[in-house]
Amino acid sequence: MSEREQAARGARGEALAALYYERRGYRVLERNFRTRQGEIDVIVHKGDTLVFAEIKTRGGSAIAQPREFVTAQKQRRLILAARRYLLLHPQWAESFLRFDVVEIILPEQGRPLLRCIENAFTL
C-alpha cells in the first residue's frame with residue numbers, strides 16, 4: 001500500500017472516530033494536534049471529561065489488532081503531547097483526562113468496524 005493510500009485510510013479512520021464521538025455527545029476540539037513530542041489524532045470534550053484519542057485504522061486482512069500498535073513508547077509520546085495541549089489550553093486543565101484507543105477495521109466489502117477502548121492507558 002502506498003503512503004498516499006495509507007494516509008487516506010488513516011484520514012478516513014479519524015473522520016469515523018470523530019463522528020463516533022460526536023454521536024455520543026462529545027465536541028471535537030482538535031484533529032491531528034501536533035507537537036515535537038508527538039501527535040494526538042482526535043481530542044474531544046464532554047461534560048468534565050477531556051479525551052485524547054489515538055486512532056488505529058487497518059484493512060480487513062490485518063493480522064494484528066490495531067491496538068497492538070499503541071506501544072509503551074507511543075503512549076509516552078501521547079502523554080507528552082497531551083501535557084503540551086493542556087499548557088496551550090489551560091481552560092481544560094481541571095478536566096478529567098482520558099486516553100482512548102479507537103480501533104477501526106476497514107474490510108474490503110461491508111461496513112467498517114469501530115471499537116473504542118476507553119481509558120486504554122493512564123498517565
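What comes next concerns the included structure. Residue numbers run consecutively from 1 along every chain, following the written order of its sequence. Predicted model: local features are reported for residues with pLDDT of at least 70 only, side-chain atom pairs are reported and counted for 80 or more only, and whole-chain, interface and lining totals are derived from all residues. Derived side-chain values reflect all non-hydrogen atoms in the structure, with water molecules and hydrogen atoms excluded from consideration.

**Description of helix α1 (residues 3-23)**
Which entries qualify depends on this criterion: Numbering of helices and strands runs from the N terminus; a helix is a DSSP stretch of H or I covering at least four residues, while a strand is a stretch of E covering at least two. Helix span is expected to be 1.5 Å times the residue number reduced by one. Exposure classes here rest on a 1.4 Å probe applied to the protein chains alone. A residue is buried below 20% of its type maximum, exposed above 50%, and partly exposed in between. This arc describes the spread of directions from the helix axis toward the C-beta atoms.
Taking 1.5 Å as the rise per residue, α1 with 21 residues should run 30 Å; its terminal C-alpha atoms sit 30 Å apart, in good agreement. Considered for burial, the residues of α1 that qualify are Gly-13, Glu-14, Ala-17, Ala-18, Tyr-20 and Tyr-21. Projected onto a plane normal to the axis of α1, the buried residues spread over an arc of 155° and lie on a single side. Along α1, the residues that are exposed and aim more than 90 degrees away from the buried face are Arg-4 and Arg-23.

**Re unusual backbone geometry**
Positioned with a positive phi, Asn-32 is a non-glycine residue whose angle comes to about 60°. Here Asn-32 falls in the partly exposed class, since its relative accessible area comes to 25%. Phi angles above zero are rare outside glycine, and Asn-119 is one such case at about 50°. Position of Asn-119 relative to the elements: it lies in strand β5 (residues 113-121).

**Observations concerning the sheet that holds strand β3 (residues 49-59)**
Counted only if it meets this: When DSSP finds two or more bridges between two strands, those strands count as paired. Working convention: axes come from line fits to C-alpha atoms, limited for helices to the stretch in contact. Angles between N-to-C directions cover 0 to 180 degrees.
Ordered in space as β1-β2-β3-β4-β5, the five strands form an open sheet in which the pairing is mixed. Where the open sheet ends on each side, the last strands, each with one partner, are β1 (27-34) and β5. When strand polarity is set aside, the average angle formed by the axes of neighbouring strands in this sheet is 25°. As paired elements, β1 and strand β2 (residues 39-46) share six bridges and run antiparallel to each other. The residue of β2 that forms the bridge with Phe-33 is Ile-40.

**What to know about the environment of Gln-75**
Selection rule: Residue contacts are defined here by distance: any two heavy atoms, one from each residue, within 4.5 Å place the two residues in contact.
Relative to the helices and strands, Gln-75 is located in helix α2 (residues 72-88). When the C-alpha atoms of Gln-75 and Ala-11 are compared, they prove to be 20 Å apart, with 64 residues separating the residues in sequence. The contact partners of Gln-75, leaving out residues within four places of it in the chain, are Val-70 and Phe-121.

Functional significance is not addressed by these values, which are geometric in nature.
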